[in-house]
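This is what each chain is made of:
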Amino acid sequence: MSPFGFTRSRRAPGSTPDGRRGVARTIGVSTATLTVLALSAVSLPAQAAPAVQPTVSLASAATAPAGWKLAWADEFSGTTLNRAVWNVANRSTYGDGNKELACLMDRPQNVKVSSGLLTIAARKEATPITCGTRDTRFPAGRTYTSAMLHTKNKLAFQYGRFEIRAKMPTTQGTSKGLWPAYWMRPAAGGIGELDILELIGTGKSDPYSADKVSQTIHYDYVGTHRKQSQVHKLASGNFADGFHNYAVEWAPGSIKWFVDGTLTYTRTLSTTSWIDKAFVGKFYLRLNMAVGGTWPGSPDANTAFPANYQVDYVRVFRR
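Everything numeric in this text was worked out from a predicted model, so none of it was measured. Residue numbers here run from 1 along each chain, matching the order of that chain's written sequence. For this predicted model, a pLDDT threshold of at least 70 governs which residues receive local features, and a threshold of 80 or more governs which side-chain atom pairs are given and counted, while totals over whole chains, interfaces and linings are taken from all residues. The side-chain figures draw on all heavy atoms in the structure; neither hydrogens nor water molecules are used.

Draft legend 1. Spatial organisation of the overall build of the chain. Counting from the N terminus, the helices are the DSSP runs of H or I reaching at least four residues and the strands are the DSSP runs of E reaching at least two. Helix and strand content of the chain: two helices and 17 strands. Only protein chains enter the accessibility calculation, which uses a 1.4 Å probe. A residue is then buried if its area is under 20% of the maximum for its type, exposed if over 50%, and partly exposed in between. In the chain, which comprises 319 residues, the proportion classed as buried is 54%. Shrake-Rupley sampling with a 1.4 Å probe provides the accessible areas, and residues are treated as covered by the protein chains on show and by no other component. In the structure as shown, the chain presents an accessible area of about 13200 Å², 53% of it carried by carbon and sulfur atoms.

Draft legend 2. Summary view of the environment of I200. Along the chain, I200 turns up in the loop between β10 (193-198) and β11 (212-218). Distance from I200 to G292, taken between C-alpha atoms, is 9.6 Å for residues 92 residues apart in sequence.

Draft legend 3. Inspection of the pairing of strand β4 (residues 111-114) at higher detail. Burial along β4 is one-sided: the face carrying V111 and V113 is buried and the face carrying K112 and S114 is not. Note that β4 and strand β5 (residues 117-129) share four bridges and pair antiparallel. By the bridge assignment for β5, V111 is matched with I120. Two strands make a pair as long as DSSP finds a minimum of two bridges between them. Taking the residues that link successive antiparallel strands as the turn, the β4-β5 hairpin has two residues, and the phi of S115 there is positive, at about 50 degrees.

Draft legend 4. Looking closely at the sheet that holds strand β9 (residues 178-186). With antiparallel pairing, the seven strands of this open sheet are ordered in space as β2-β7-β16-β9-β10-β11-β12. Across the chains shown, the open sheet's two edge strands, defined by having one partner strand only, are β2 (87-88) and β12 (228-233). Pairing of β9 with strand β16 (residues 283-291), which is carried by nine bridges, proceeds in the antiparallel orientation. Residue pairing across strands places W179 opposite A290, the latter belonging to β16.

Draft legend 5. Up close: the state of the cysteines. The disulfide criterion used throughout: a pair of cysteine sulfur atoms within 2.5 Å. By the definition in use, this model includes one disulfide. Two residues share a disulfide in this structure: C103 and C131, whose sulfurs sit 2.2 Å from each other. On the S-S bond that ties C103 to C131, the torsion sits near 85 degrees, and the link is right-handed. One end of the pair, C103, is in strand β3 (residues 102-104); the other, C131, is in the loop between β5 and β6 (142-146), and 28 residues separate them in sequence. Like C103, the residue C131 is buried in the burial classification.

Draft legend 6. Highlighting the pattern of salt bridges. Salt-bridge detection follows one rule: a side-chain nitrogen of Lys or Arg within 4 Å of a carboxyl oxygen of Asp or Glu. Scanning all chains against the criterion turns up 12 salt bridges. Salt-bridge contacts for R161 lead to E163; the nearest nitrogen and oxygen are separated by 2.9 Å. Put simply, K212 and D211 hold a salt bridge, and the shortest N to O gap is 3.3 Å. In this structure K212 comes out as partly exposed when scored by relative accessible area, which is 28%. Among the ionic contacts, a cluster of salt bridges with common partners joins D96, D135, R137 and R142.

Draft legend 7. Expanded view of unusual backbone geometry. Going from F305 to P306, the amide bond is cis rather than trans, its omega being -5 degrees. Relative to the helices and strands, P306 resides in the loop between β16 and β17 (307-318). Not every positive phi belongs to a glycine, and F76 is a case in point at roughly 55 degrees. On the secondary structure map, F76 appears in the loop between β1 (69-74) and β2. Here N153, not a glycine, exhibits a phi torsion of approximately 70 degrees, which is positive.

Draft legend 8. Region of interest: the side chain of S92. As for its placement among the helices and strands, S92 is situated in the loop between β2 and β3. Overall, the relative accessible area of 17% leaves S92 in the buried class. Counting of polar contacts relies on pairs of N or O atoms within 3.5 Å, with two restrictions inside protein: one atom must be capable of donating a hydrogen and the other of accepting it, and residues adjacent in sequence are counted only when both atoms are side-chain atoms. From its side chain, S92 meets the backbone nitrogen of Y94 in a polar contact 3.1 Å long. It only takes one pair of heavy atoms within 4.5 Å for two residues to be counted as in contact. The contact partners of S92, leaving out residues within four places of it in the chain, are A102, C103, L104 and C131.

Draft legend 9. Region of interest: the pairing of strand β14 (residues 254-259). Most of β14 is tucked away, with five of its six residues classed as buried. Taking the residues between adjacent antiparallel strands as the criterion, strand β13 (residues 244-251) and β14 are bridged by two residues, where G253 takes a positive phi near 75 degrees. In the sheet, β14 pairs with strand β15 (residues 262-268) via six bridges, with the strands oriented antiparallel. Note on β15: the bridge partner recorded for K256 is T266. Linkage of β14 to β15, two consecutive antiparallel strands, is achieved through a turn of two residues, within which D260 is found at a positive phi near 50 degrees.

Draft legend 10. Highlighting the environment of F279. Position of F279 relative to the elements: it lies in the loop between α2 (275-278) and β16. A residue is classified by how much of its surface remains accessible, and F279, at 1% relative accessible area, is buried. Separated by 25 residues in sequence, F279 and S254 place their C-alpha atoms 9.6 Å apart. Apart from the residues within four sequence positions on either side, F279 is in contact with G192, E193, L194, I217, H218, W250, I255 and W274.

Printed below as a string of structure tokens:
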């Protein structure tokens, strides 16, 4: 999800996610314990007090994979986004390096928390939206809007298991130009990009790909080392027909990707000599959906808007 483009860089549907919150009181994990774990991973400016509190359902600790402990989670309970953790880009043209089309907005039409879900919505606007004061590409306004959330300067981790449960908007034939992603970048800037998931939508004449997700690492955006990537295909169904689980386990000398609990891709020092050079220090989280760009292409007449990228939870585990 590099700002320079993919080729160069970088629950079943329903009103409630599942029943995991109902057993919150039955497990032996205290809120204080989870708060300490979460704060131990926070990367904050030196002058700031460590005020970030984890939005954690205690029941989520019961689902920790063997050998892992919950460090932080956002279950997207309630009706408001946790602004102590998430930044939301507003009237941002981020992605212009990819020739993306959407103005990234911080407003309820594009970012909403309700019924236990975070929804990032891409929209086609009836009236063009002016995107800041430096939008030389679209000075009269942009036809498309979407959103990007990130935890830069608020929350960052070095190593761990990074997990998300989400439903994608990439329905076959009616999602051309959509590009949802969950990825990580270094808190201090510089090299290294870890793409936990990227999907692209399709038009009516495109080959079937609603069952495919890309998993990628980048060293940098100038070609010092080629990105390493693979496409995982579901055994049945597709990523738009319900909620699926995506995870990365990042350790010294190793990055492993999982989909619905199945190991799908592994990079180690034997396959990627630069892995420990690019992936060192703390990384922060990014959640976004691009519209258009050099990889997915532009929306077409069949692209259905609004298009909703729905996130049930984001969780981070540590050994």
